[in-house]
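Coordinate inspection notes
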Amino acid sequence: MDTKLIEALLIEREGYVRRNLPERIKAVDEALRNAGYTKTSAPVETATAEPVVEKASMPATKKRGIK
């Protein structure tokens with residue numbers, strides 16, 4: 001089972017779903033089956049008890065007072 005191929009096919013499939021192209025979706029589903037992908041082999045996301053907080057920017061530097 002080639003994980004990079006499966007990742008690429010899943011991304012491709014998502015694009016076809018968004019554009020409502022059912023024939024293309026079926027073709028990608030077939031390719032996923034041939035690659036050995038099943039919905040149960042998909043990675044499962046789990047929640048953590050303490051989420052990691054991401055900061056969007058660096059904190060502002062402290063300005064020096066004029067003496």
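Let me sum up the structure you'll find in this document. The structure displayed is predicted, hence computed values, not measured ones.

What to know about helix α1 (residues 3–18)
- In this model α1 runs 23 Å from its N-terminal to its C-terminal C-alpha over 16 residues, within 8% of the 22 Å that 1.5 Å per residue would give.
- Those residues of α1 lying buried are Ile6, Leu9 and Tyr16. Mapping the buried residues of α1 onto a view down its axis gives an arc of 80°, with all of them on the same face. The outward face of α1, more than 90 degrees from its buried face, is lined by the exposed residues Thr3, Lys4, Glu7, Ile11 and Arg18.

Remarks on unusual backbone geometry
- Phi is positive for Asn20, close to 55°, though the residue is something other than glycine.
- Its place among the elements puts Asn20 in the loop between α1 and α2 (22–34).

Quick notes on the packing of α1 against α2
- Two elements in contact, α1 and α2, have axes whose closest approach is 9 Å; the angle formed by their N-to-C orientations is 165°. With respect to α2, the element α1 is oriented roughly antiparallel. Between α1 and α2 lies a crossing of left-handed hand. On the side of α1, the interface is formed by Ile6, Leu9, Leu10, Glu12, Arg13, Tyr16 and Val17, while α2 contributes Arg24, Ile25, Val28, Asp29, Ala31 and Leu32.

So, the environment of Glu12
- Inspection of the secondary structure puts Glu12 in helix α1.
- Put simply, Glu12 and Val28 are 16 residues apart on the chain and 7.7 Å apart in space, counted from C-alpha to C-alpha.

Side note on the pattern of salt bridges
- All chains considered together, the criterion is met by 4 salt bridges.
- Here Glu14 makes a salt bridge to Arg18, at a shortest N to O gap of 2.6 Å. Here Arg18 and Glu14 lie together in helix α1, a separation of 4 residues that amounts to about one turn.
- Ionic pairing is found between Glu30 and Arg33, a salt bridge with its closest N-O pair at 3.2 Å. Here Glu30 pairs with Arg33, and both are found in helix α2, just 3 residues apart, close to one helical turn.
- The partly exposed category is assigned to Glu30, whose relative accessible area is 40%.
- Here Arg33 falls in the exposed class, since its relative accessible area comes to 53%.

Scoring rules and cut-offs
- Residues numbered from 1 in each chain as written.
- Predicted model: local features only at pLDDT ≥ 70, side-chain atom pairs only at ≥ 80, totals over all residues.
- Heavy atoms only, no water.
- Helix = DSSP H or I, 4+ residues; strand = E, 2+ residues; numbered from the N terminus.
- Expected span 1.5 Å × (residues − 1).
- Buried < 20%, exposed > 50% of the residue type's maximum accessible area, 1.4 Å probe, protein only.
- Arc of directions from axis to C-beta.
- Axes fitted to C-alpha atoms, helices over the stretch in contact; angles between N-to-C directions.
- Parallel < 35°, antiparallel > 145°, perpendicular 65-115°, else oblique.
- Left-handed = near helix turned anticlockwise from the far one by under 90°.
- Contact = heavy atoms within 4.5 Å.
- Salt bridge = Lys/Arg side-chain N within 4 Å of Asp/Glu carboxyl O.

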